[in-house]
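Listed below are the residues making up each chain.
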Amino acid sequence: MGTHDMTLNPDPNVTTFRELQGLPTDPDALLQRIYADTKGEGPTRESAALEKIGGMLPDAMLLPELDAALYRAAAKIPGVSVVADAKDYTGRTGIGLSFKERDGRTAWVFNKKSLDFMGSADEALLDVDVVDDSGETPAA
């Protein structure tokens, strides 16, 4: 419930905007890069890749070609299935990517036309804005 600030932070475990800019936008090349970057992480190669992709999706909205490539790369991971009418936390309908997690199945929801990440059943990404300096509020 509610909203929270998703400001990009200088956390070494968080992918920065510059790192996102350097990623390939070809889904096959991107998936291979993610597999290489997450080698040895997670219980399986696939779960590590999904976790990495999930962490990048909200910030990748600022880079539409990468955003779409992440969606397409995730769809190539074994065990991921497409859900034609998935719903995010607010009830918005989009195309979903469903996958098994430790505590059940999860689906990421994307806009059917733009492929922009919308959220999941547990959260919704309602708006993305960019400011020049930390602490600034985006113009309405």
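Report on the accompanying structure. (Residues numbered from 1 in each chain as written. Predicted model: local features only at pLDDT ≥ 70, side-chain atom pairs only at ≥ 80, totals over all residues. Heavy atoms only, no water.)

## Some details on the nonpolar core
(1) Moving on: Of all hydrophobic cores here, the largest spans 31 residues; its most connected members are L30, I53, L66, L70, I77, W108 and F110.
(2) Moving on: Within the residue set of this core, elements represented by two or more residues are helix 2 (27-37), helix 3 (45-60), helix 4 (64-75), strand 2 (93-101) and strand 3 (104-110).
(3) Moving on: Per-element accounting of this core gives the leading share, 7 residues, to helix 4.
(4) Moving on: The residues touching L30, leaving out its near neighbours within four places in the chain, are L23, P24, L66, A69, L70 and A73. (Core = buried A, V, L, I, M, F, W, Y, C linked by side-chain atoms within 4.5 Å. Buried < 20%, exposed > 50% of the residue type's maximum accessible area, 1.4 Å probe, protein only. Helix = DSSP H or I, 4+ residues; strand = E, 2+ residues; numbered from the N terminus. Contact = heavy atoms within 4.5 Å.)

## Digging into the packing of helix 2 against helix 4
(1) Moving on: The N-to-C vectors of helix 2 and helix 4 enclose an angle of 75 degrees; their axes lie 8 Å apart at closest approach. It follows from the interaxial angle that helix 2 and helix 4 lie roughly perpendicular. Where helix 2 abuts helix 4, its residues P27, L30, L31 and I34 lie against L66, A69, L70, R72 and A73.
(2) Moving on: Within the contact of helix 2 with helix 4, the residues separate by chemical class into 8 nonpolar, no polar and 1 charged. (Axes fitted to C-alpha atoms, helices over the stretch in contact; angles between N-to-C directions. Parallel < 35°, antiparallel > 145°, perpendicular 65-115°, else oblique. Nonpolar A, V, L, I, M, F, W, Y, C, P; charged D, E, K, R; others polar.)

## Considerations on unusual backbone geometry
(1) Moving on: Positive phi, normally seen in glycine, also occurs at L115, with a value near 65 degrees.
(2) Moving on: With respect to the helices, strands and loops of the structure, L115 is situated in the loop between strand 3 and strand 4 (117-120).

## Here's the deal with helix 4
Helical periodicity: at 3.6 residues per turn, an α-helix aligns residues three or four positions apart in one direction.
(1) Moving on: Relative to the 16 Å expected for 12 residues at 1.5 Å per residue, helix 4 spans 17 Å between its end C-alpha atoms, a close match to the ideal helical length.
(2) Moving on: Buried within helix 4 are the following residues: L66, D67, A68, A69, L70, Y71, A73 and A74. (Expected span 1.5 Å × (residues − 1).)

## Examining the packing of aromatic side chains
(1) Moving on: Per the stated rule, a full pass over the model turns up 3 aromatic pairs.
(2) Moving on: Residues Y71 and F110 carry aromatic rings whose centres are separated by 4.6 Å and whose planes lie at 55 degrees to one another, so their mutual orientation is tilted. With Y71 in helix 4 and F110 in strand 3, this residue pair connects regions lying 39 residues apart in the sequence.
(3) Moving on: Owing to a relative accessible area of 10%, Y71 belongs among the buried residues under this scheme.
(4) Moving on: An aromatic cluster of at least three residues, connected via ring pairs, comprises Y71, F110 and F117.
(5) Moving on: The ring of Y35 carries the charged tip of R45 above its face, separated from the ring centre by 3.7 Å. (Phe/Tyr/Trp six-rings, centres within 6.5 Å; stacked < 30°, edge-to-face > 60°. Lys NZ or Arg CZ within 6 Å of the ring centre and 35° of its normal.)

## Description of the pattern of salt bridges
(1) Moving on: Applying the stated criterion across every chain yields a total of 4 salt bridges.
(2) Moving on: The shortest N-O distance in the salt bridge between K76 and D28 comes to 3.2 Å. On the criterion of sequence distance, the pair formed by K76 in the loop between helix 4 and strand 1 (81-87) and D28 in helix 2 is long-range, its members being 48 residues apart.
(3) Moving on: Judged by relative accessible area, which is 43%, K76 ranks as partly exposed.
(4) Moving on: Here D85 and K112 are joined by a salt bridge, their closest N and O atoms 2.6 Å apart. Placement of D85 in strand 1 and of K112 in the loop between strand 3 and strand 4 is noted, with a sequence separation of 27 residues between them. (Salt bridge = Lys/Arg side-chain N within 4 Å of Asp/Glu carboxyl O.)

Read these as geometric descriptors, not functional statements.
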